[in-house]
Structure formats: structure tokens, C-alpha cells
Amino acid sequence: MMDDRNDTQPQADTGPKNGQKPPMMPEDMNRESGVVFAVAKYPIGLPVQHRRFGFQGVIFDVDPEFDNTEEWYQSIPEEVRPKKEQPFYHLFAVNPEDQSPYIAYVSEQNLEPSADEEGPFHPAVAEYFAGMEEGRFVLRMPLN
């Protein structure tokens, strides 16, 4: 006697049915729409320090990849020039020699969390952040 039952072995998913388009994956969205998907390793409000130069700062904004001028990028010596395809962080930074404040733009590969939560910190930190919780500064008002 022949068995009319369907094969009970699991079947591979052959994709969308009835002519439906498969769901877009992030890499497809990146190609088709120009939208950049990157995951920032460090959150806004985190005290960080530069791996090579040692200056400290607090992250106040993140670009998913390099978003500065080509002139600025080319001004970095080639042997230490970071790749563009990574998050870049805007920092409220402080010069370690004279404690003068400035804004820094640093690639993710050149940052690490700072062990020093005491500062000194850029004066704008007090304007943008309400205080520190769990090792990072908390924004005064939510981002839009």
C-alpha cells in the first residue's frame, strides 16, 4: 500500500509566497535608500578619552559615519588616519595640558571609556547635562 502523506522532513523556507517581495534587510536599505546603519558603541553622555592622545571629553552627539570636510580628514596624518566607515563622536573636550575647553570630533576606534568621572569637564557639560547616573551624564532635555 502506498503512503499518501506529505514528507515529514522539515522543508527549507523558499522565501516569500505569491510574488511578495522579501523584507528589506539593513544592508539592502543601505544600498537602495542611502540610509546608513551603524551601531554606536558609546552612548551620549559617556566620559571618554582618546586612545592615542589621552585627552578627555564627554560625548554629546554621534554621526553614524564620518561627516566632516574632506580637508579636515586629509589633515590627519595618513599613518593615524581612521577609516570613515565607522561612528564619529562629537565631544565636549578638555586639553590635558592647560584644561582649555574645545569641541573634538573623534572616530570610534580612537575612543575608550574614561576611568575618570571627576573631570575636569568642558563648561558646556553643565549646560547640556543634568548630572551623572551610572557612569554617564544624563541629558537635561530629551533629544528630538
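Counting from 1, residues in each chain are numbered in the order their sequence is written. With pLDDT at 70 or above as the cut-off, local features in this predicted model cover only qualifying residues; side-chain atom pairs require 80 or more to be listed or tallied, and sums for whole chains, interfaces and linings still use all residues. Just so you know, side-chain values use all the structure's heavy atoms and leave hydrogens and water out.

Student: Could you give an account of the pattern of salt bridges, naming the residues involved and the relevant values?
Tutor: By definition, a salt bridge exists where a carboxyl oxygen of Asp or Glu is found within 4 Å of a side-chain nitrogen of Lys or Arg. Under the defined criterion, the tally for this structure stands at 2 salt bridges. Here E112 and R51 are joined by a salt bridge, their closest N and O atoms 3.3 Å apart. Of this pair, E112 sits in strand 5 (residues 111-113) while R51 sits in the loop between strand 1 (47-50) and strand 2 (56-63), and the two are 61 residues apart along the sequence. Residue burial is assigned from relative accessible area. The probe radius is 1.4 Å, only protein chains are included, and a residue is buried under 20% of its type maximum, exposed over 50%, and partly exposed in between. Judged by relative accessible area, which is 44%, R51 ranks as partly exposed. Where E70 meets K84, a salt bridge forms, and the shortest distance between an N and an O atom there is 2.5 Å. Taken together, the positions of E70 in helix 2 (residues 70-74) and K84 in the loop between helix 2 and strand 3 (88-94) put the pair 14 residues apart, joining distant regions of the chain. Looking at E70, the relative accessible area reads 39%, which means it is partly exposed. The numbering of helices and of strands both runs from the N terminus, where a helix is a DSSP run of H or I of at least 4 residues and a strand a run of E of at least 2.

Student: Let's hear about the pairing of strand 2: which residues, and what values?
Tutor: Across 3 bridges, strand 1 lies against strand 2 in antiparallel orientation. Across the sheet, residue V48 finds its bridge partner in strand 2, namely G57. The pairing of strand 2 with strand 3 spans 7 bridges and is antiparallel. Within strand 3, the position partnered with I59 by the bridge is L91. Strands are labelled as partners when DSSP assigns at least two bridges between them.

Student: Could you give me a rundown of the nonpolar core, with the residues and numbers involved?
Tutor: Counting residues in hydrophobic clusters, the biggest one holds 18 residues, and the most contacted among them are I59, L91, L111 and F129. It is strand 3 that provides the largest number of residues to this core, a total of 4 residues. Discounting residues that sit within four places of it in the chain, F129 has contacts with I44, G45, V58, I59, F60, F92, F137, V138, L139 and R140. Here the nonpolar core consists of buried residues drawn from Ala, Val, Leu, Ile, Met, Phe, Trp, Tyr and Cys, with membership extended through side-chain atoms lying within 4.5 Å. When checking whether two residues touch, look at their non-hydrogen atoms; a contact exists if any pair is within 4.5 Å.

Student: Any details on the packing of aromatic side chains? Residues and values, ideally.
Tutor: In this scheme Phe, Tyr and Trp rings, the latter by its six-membered ring, pair at centre separations within 6.5 Å, and the angle between planes marks the pair as stacked below 30 degrees, edge-to-face above 60, and tilted otherwise. On inspection of all chains with the given rule, the structure shows 13 aromatic pairs. For the pair Y42 and Y89, a centre-to-centre distance of 5.9 Å together with 55° between the ring planes defines the contact as tilted. Of this pair, Y42 sits in the loop between helix 1 (26-33) and strand 1 while Y89 sits in strand 3, and the two are 47 residues apart along the sequence. The residues Y42 and Y89 share a single accessibility class, namely buried. For the ring pair F129 and F137, a centre distance of 5.7 Å and an interplane angle of 45° mean the geometry is tilted. Judged by relative accessible area, F129 falls into the buried class, the value being 2%. Connected via pairs of aromatic rings, a cluster forms that spans F66, W72, Y73, F88 and Y105. In our convention, an over-ring charge means Lys NZ or Arg CZ found within 6 Å of a ring centre and within 35 degrees of that ring's normal. Between the NZ or CZ atom of R81 and the centre of the ring of Y73, over which it lies, the distance is 5.5 Å. The ring of Y73 is capped by K84, whose NZ or CZ atom sits 4.6 Å from the centre of that ring.

Student: Can you tell me about the pairing of strand 3, naming the residues and giving the values?
Tutor: Here strand 3 lies mainly inside the structure; 7 of its 7 residues are buried. Of the two faces of strand 3, the one lined by F88, H90, F92 and V94 and the one lined by Y89, L91 and A93 are each fully buried. In the sheet, strand 3 pairs with strand 4 (residues 101-107) via 7 bridges, with the strands oriented antiparallel. The partner of A93 across the bridge, within strand 4, is Y102. The antiparallel hairpin formed by strand 3 and strand 4 contains 6 residues in its connecting segment, where Q99 sits at a positive phi of about 65°.

Shape descriptors only; they carry no functional weight alone.
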